[in-house]
Each structure stands twice: as structure tokens, then as C-alpha cells.
Amino acid sequence: MADGRFHFGQEHDTAVPMDKETNLNTLPDSEAFRILADSPISMVLTDPTLPDNPIVYVNRAFERVTGYGPSSAIGRNCRFLQGEKTDEDDLQRIRDALKAETETTIDIVNYRADGVQFLNRLLLSPVYDTEGNLTHFLGIQKALSDAEASNSANVTQKALRELKHRVKNHLAMIVSLIRLQGRSSPDPAPTQSLARRVESLLLLYEELSEPTVSHRTGNVSLGSYLSRLVSTTAHLDGRAGIRVNSQIEDATCGSEVAAKIGLLLSEIMTNALQHAFEGRAEGVLNVSMIPLGATAIEVTIADNGIGFAEGVEWPKTKSVGGRVVLGLMMELGAERDVTSGDKGTTIRLKIPIETQ
């Protein structure tokens, strides 16, 4: 965008935030991923639409860096990381950036939960929806070593920006969906959904940092990613008596396509775990993925639950989750085949994949 702000919902323009010169000095993927894989990166999201701009999500790396877990951080303003030696000028720079809704990078003295001081390289950036409304602030952090603190290594700052571009591109899908949920319901479900969806993307970023990834292209092992995603979703949304089986073969695709496939599978699995077995103590959910040559995959989600009510079409376009699923399928160009009855429901998706 000409104004330098990052907006959602523009498929080609939002992969990387564009400034007035539209020239981005980024690292090669191989070097960026090497640095990121060796660096303790943490991520935090705050909601400026709520009083005092509280934290609504932190990842596991945030807890490793600061010692504060989700229960200690969520609902609080980030100022609890400040302490005696935190520079007031640095705090004012952050306040000014928040007020002006501008991106900033700053090295600031913070304090861990045990009181130990550390120098935190913070990249702070506003996040907008398709209508240009500010929805969240994204903070990416790195605890600097003594050598880095004295050197202020420029290459690390570039690597953090590279990660920010990738994270924000995928958060475009997530935060838009959460905002839509917030319009339709006043309960805390949107924040819970945000946490689950971000967790699914964090699995992808962990996959991107593995040595098996093609760092030159950013292609990832879809089989490895989806296997971990199925296990995580079953743990987060499953319940006693419901068995989740998976049979995932391997395929390779770009990270953008992998992110959408992961979100789609997570949404469908969560819906099945929450609704397919209503009134039943036991059930089985089978998830499989097979490659169809090198250009497509087939994903199947099958349960032995109660099935859809007569006349109900899937996905339900009147529900938020249904619109999420439909939107992701349209973006992916997925073909669907759905059968449902008193012996359960089977959803079969043929999804084109592309490598970079």
C-alpha cells in the first residue's frame, strides 16, 4: 500500500508490506532461516480495541524468553516487563509508535519473571483488517546476548523483519476471521479461536526452521506439518472417548499454501470433534492425506458420528466456521465431495499444491 500500512484481504499486495519505494532489503531465505532457527524468537499479540491494549496471545517462545506463561501474561498490558533500568525515552518511542500506528524496532531493557534483566529487541507493528481498521499490534522479540547487545547486530534485525513478513501474511487470514467472530458473538470465543489458530501456524514456522526445509525456496514437508497439526488439534479440541487416527503421506508445497491447508484442516477437525459426536460417549475420527502426483493432494476427514441433519449442506454458510472453511477452500481452489448419514460423515478434498 502507498501509505506503508499492512492490510488484509489483498491476495497479491499483502504478501509483503510495501513502502513508498517498494524496495525491500531482505535476506536470502537460507540465511534468514539459519538465523531464525538459532535464535529464541517470541511473539505477542495485543488488542488496542480493549482498554489498556492488553495481551491476547503469547507463544511458547515468549514464555521461554520472559518466564511468563499465558496465564500470567494474557489480559495485561506489556508494561509488566518494564523495570528500574528501562529507559523512559525507549518507552516514549513505543507509546508514540502505538499512538501513530506505525512500525518500530527498538532495543529495550526488560525483566524476566525471576527479576533478571535482559535487553529485548522488539519489532512492533500494527495489524489492519480489509477495511483499514486497526485490530491488533504484533510484537516479535529477541533476547540479545551480551555480544549482540554490545554489537547491535544489523543482520539479526533484518532476520526479524523477514519473520515478521511471513507471520503477518498468515495472520491476515486469522485476525480477519476473529474480527468476524467478534461481530457475531460477545463471548470470549474469538480470543480462544485466535490462540488455537495461531498455534497451528506456529507448528508451520517450526517446520520451516528444520534442516529438511528447502531454505532457498521456502518449500516445506506438508506430511510432517499436517501430522503434527492433527495431533495438536486432537489434543486441544478432543475429549475422552473420541479416538483420532491419522494416515498422512508426504508431499511438498510452499509455505503460503501449507498455511491455508493447515488452517482448513484444523477448522474441519475442530468442528467434527465439537459436533459430530453429540450425545455419544465414544467415536472415531480418521484423517488422511495422500499425494495425487506432484501437483495435488487429497485430504479426507471421516467420522462415525451422528451425521448432518437432513437438508443441511456443508459447509454451513450461515455460521462463522462455515464461512471460514468456504473462504479457505476458494482460496486454495479445492474441490470437495461430502457424504453424510447415520453412520457418520466423510469430507474429501482435492487440493492443488504448488512449489516455489
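Further up the page is the structure itself.
First things first, this report covers the structure right here in the doc. All of these numbers come straight from a predicted model, not from anything done at the bench.

Remarks on the overall build of the protein chain
Helix and strand counts for the protein chain come out as 10 helices and 12 strands. In the protein chain, which comprises 356 residues, the proportion classed as buried is 49%. Long-range contacts, defined here as pairs at least 24 residues apart, represent 63% of the contacts in the protein chain between residues at least 6 apart. Carbon together with sulfur atoms contributes 48% to the accessible area of the protein chain, which is approximately 17000 Å² in total.

So, the packing of aromatic side chains
For the coordinates displayed, the defined rule picks out one aromatic pair. Ring geometry for Tyr68 against Phe80: centres 4.8 Å apart, planes inclined by 70°, an arrangement best described as edge-to-face. Taken together, the residues span a long stretch of sequence, with Tyr68 in the loop between helix 2 (60-66) and helix 3 (70-73) and Phe80 in the loop between helix 3 and helix 4 (88-100) at a distance of 12 residues. Residue Tyr68 is classed as buried on the basis of its relative accessible area of 15%.

Here's the deal with the pattern of salt bridges
A complete count under the given rule lists six salt bridges for this structure. The partner of Arg95 in a salt bridge is Glu88, and the shortest N-O contact between them spans 2.3 Å. Its relative accessible area of 45% is what places Glu88 among the partly exposed residues. For Arg348, the salt bridge goes to Asp337, with nearest N and O atoms at 3.9 Å. With Arg348 in strand 12 (residues 344-352) and Asp337 in strand 11 (residues 335-341), this residue pair connects regions lying 11 residues apart in the sequence.

Examining the sheet that holds strand 9 (residues 283-291)
If you walk across this open sheet you meet the five strands as 7-9-10-12-11, and the pairing is mixed. Whereas interior strands pair on both sides, the edge strands pair on one side only; in this sheet they are strand 7 (242-248) and strand 11. When the angles between neighbouring strand axes are averaged without regard to direction, this sheet yields 10°. Direction of pairing for strand 10 (residues 296-303) relative to strand 12: antiparallel, over a ladder of eight bridges.

Overview of the pairing of strand 4 (residues 117-128)
Of all 12 residues that make up strand 4, 10 are buried, and the element is covered over most of its length. Here strand 3 (residues 104-111) runs beside strand 4; their pairing, made up of eight bridges, is antiparallel. The partner of Asp107 across the bridge, within strand 4, is Arg121. Where strand 4 and strand 5 (residues 134-143) come together, nine bridges link them in antiparallel fashion. Each residue of the ladder has a partner; that of Leu124, found in strand 5, is Gly139.

Description of the nonpolar core
Formed by 39 residues in total, the largest nonpolar core has its most connected members in Leu222, Leu226, Ile261, Leu264, Leu265, Ile297 and Ile351. With 10 residues, helix 9 (residues 255-275) is the single largest residue contributor to this core. For Ile351, the contacting residues outside a window of four places in its chain are Ile261, Leu264, Thr295, Ala296, Ile297, Val299, Leu332 and Ala334.

Observations concerning the sheet that holds strand 4
The strand order 2-1-5-4-3 describes an open sheet built from five strands, whose pairing is antiparallel. Pairing within the sheet leaves two strands with one partner each, and these edge strands are strand 2 (55-58) and strand 3. The mean angle between the axes of side-by-side strands here comes to 30°, regardless of whether they run parallel or antiparallel. Across six bridges, strand 1 (residues 41-46) lies against strand 5 in antiparallel orientation. Bridge pairing in strand 5 links Ser42 to Gln141. Sheet strands touched by helix 4: strand 3, strand 4 and strand 5. Its angle to strand 3, the strand with the most contacts, is close to 135°.

Regarding the packing of helix 8 (residues 222-237) against helix 9
Orientation of helix 8 relative to helix 9, taken along the N-to-C sense of each, is 30°, at an axis distance of 10 Å. When the axes of helix 8 and helix 9 are compared, the pair comes out roughly parallel. The interaxial crossing formed by helix 8 with helix 9 has right-handed handedness. Where helix 8 approaches helix 9, its residues Leu222, Tyr225, Leu226, Leu229, Val230, Thr233, Ala234 and Asp237 are matched on the opposing element by Ala258, Ile261, Gly262, Leu265, Ser266, Met269, Thr270, Leu273 and Gln274. Class assignment of the residues belonging to the contact of helix 8 with helix 9 gives a composition of 11 nonpolar, five polar and one charged.

Comments concerning helix 8
A rise of 1.5 Å per residue sets the reference length of helix 8, with its 16 residues, at 22 Å; its end C-alpha atoms lie 22 Å apart and thus fit the reference within 8%. Of all the positions in helix 8, only Leu222, Gly223, Tyr225, Leu226, Leu229, Val230, Thr233 and Asp237 are classed as buried. All buried residues of helix 8 project into a common sector of 155° when viewed along the axis, lining one side.

Section: the side chain of Thr300
The residue Thr300 is located in strand 10 in this model. When residues no more than four places from it in sequence are discounted, the contact partners of Thr300 are Asn286, Val287, Ser288, Thr346, Ile347 and Arg348.

So, how was this worked out
Residues numbered from 1 in each chain as written. Predicted model: local features only at pLDDT ≥ 70, side-chain atom pairs only at ≥ 80, totals over all residues. Heavy atoms only, no water. Helix = DSSP H or I, 4+ residues; strand = E, 2+ residues; numbered from the N terminus. Buried < 20%, exposed > 50% of the residue type's maximum accessible area, 1.4 Å probe, protein only. Contact = heavy atoms within 4.5 Å. Areas by Shrake-Rupley, 256 points an atom, 1.4 Å probe, with all protein chains shown as cover. Phe/Tyr/Trp six-rings, centres within 6.5 Å; stacked < 30°, edge-to-face > 60°. Salt bridge = Lys/Arg side-chain N within 4 Å of Asp/Glu carboxyl O. Pairing = 2+ DSSP bridges. Axes fitted to C-alpha atoms, helices over the stretch in contact; angles between N-to-C directions. Core = buried A, V, L, I, M, F, W, Y, C linked by side-chain atoms within 4.5 Å. Parallel < 35°, antiparallel > 145°, perpendicular 65-115°, else oblique. Left-handed = near helix turned anticlockwise from the far one by under 90°. Nonpolar A, V, L, I, M, F, W, Y, C, P; charged D, E, K, R; others polar. Expected span 1.5 Å × (residues − 1). Arc of directions from axis to C-beta.

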